[in-house]
Amino acid sequence: MARAYAALRHGEIHGLVAASRVDNSSCDATYEQELRRLRAVGGFLHLALDATRL
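Along each chain, numbering runs from 1 in the same order as the chain's sequence is written. Local features in this predicted model are restricted to residues whose pLDDT is 70 or higher, and side-chain atom pairs enter the listing and the counts only when it is 80 or higher, whereas totals over whole chains, interfaces and linings include all residues. Hydrogens and water molecules were not included; the side-chain quantities draw on all heavy atoms of the structure.

Points about the pattern of salt bridges
Salt bridges, as used here, are contacts in which a Lys or Arg side-chain nitrogen is within 4 Å of a carboxyl oxygen on Asp or Glu. Applying the stated criterion to the full structure yields 1 salt bridge. Residue Arg-37 is joined to Glu-34 by a salt bridge in which the shortest nitrogen-to-oxygen separation is 3.3 Å. With Arg-37 and Glu-34 both in helix H2 (residues 28-40) and 3 residues apart, the pair spans about one turn of that helix. Any residue under 20% of the maximum accessible area for its type is buried, any over 50% is exposed, and the rest in between are partly exposed; the area is computed with a 1.4 Å probe on protein chains only. Using a relative accessible area of 39% as the deciding quantity, one classes Arg-37 as partly exposed. Taking relative accessible area as the criterion, Glu-34 reaches 12% and is therefore assigned buried. Working definition: helices are DSSP H or I runs of at least four residues, strands are E runs of at least two. Numbering for both runs from the N terminus.

This is the structure we're talking about:
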């Protein structure tokens, strides 16, 4: 994740794609914190799978 945030800050990438939410964290608070961190550096997280169907 540290390399991803560095790449976001340097404009090398614009966001992250994960297969599902649990690839980031199954803990609600941790997941929300990561989303806030991504947005703070101008990034995004796109989930490839609908977590409600897993």
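Side note on H2
A helix is expected to reach a length of 1.5 Å times the quantity of its residues less one. In a regular helix each residue adds 1.5 Å, so 13 residues correspond to 18 Å; H2 covers 18 Å between its end C-alpha atoms and thus fits that length. Taken together, the buried positions of H2 are occupied by Tyr-31, Glu-34, Leu-35 and Leu-38. The buried residues of H2 occupy an angular sector of 100 degrees when the element is viewed end-on, so they sit on one face. Set apart from the buried face of H2 by more than 90 degrees, the exposed residues are Ala-29, Arg-36 and Ala-40. Whether two residues are in contact is decided by their heavy atoms: any pair within 4.5 Å suffices. If you follow the buried residues of H2, they end up packed against helix H1 (2-9), strand E1 (16-18) and strand E2 (45-47). Note that the arc is defined by the directions from the helix axis to the C-beta atoms.

Observations regarding H1
Residues Ala-4, Tyr-5, Ala-7 and Leu-8 constitute the buried set of H1. Projected onto a plane normal to the axis of H1, the buried residues spread over an arc of 160 degrees and lie on a single side. Opposite the packed face of H1, turned more than 90 degrees from it, sit the exposed residues Ala-2, Arg-3 and Arg-9. Elements in contact with the buried residues of H1: E1 and H2. Immediately downstream of H1, the backbone of Gly-11 shows phi near 75 degrees, a positive value.

Some points on the environment of Thr-30
Tracing the backbone through its elements, the reader meets Thr-30 in helix H2. The class for Thr-30 is partly exposed, based on a relative accessible area of 30%.

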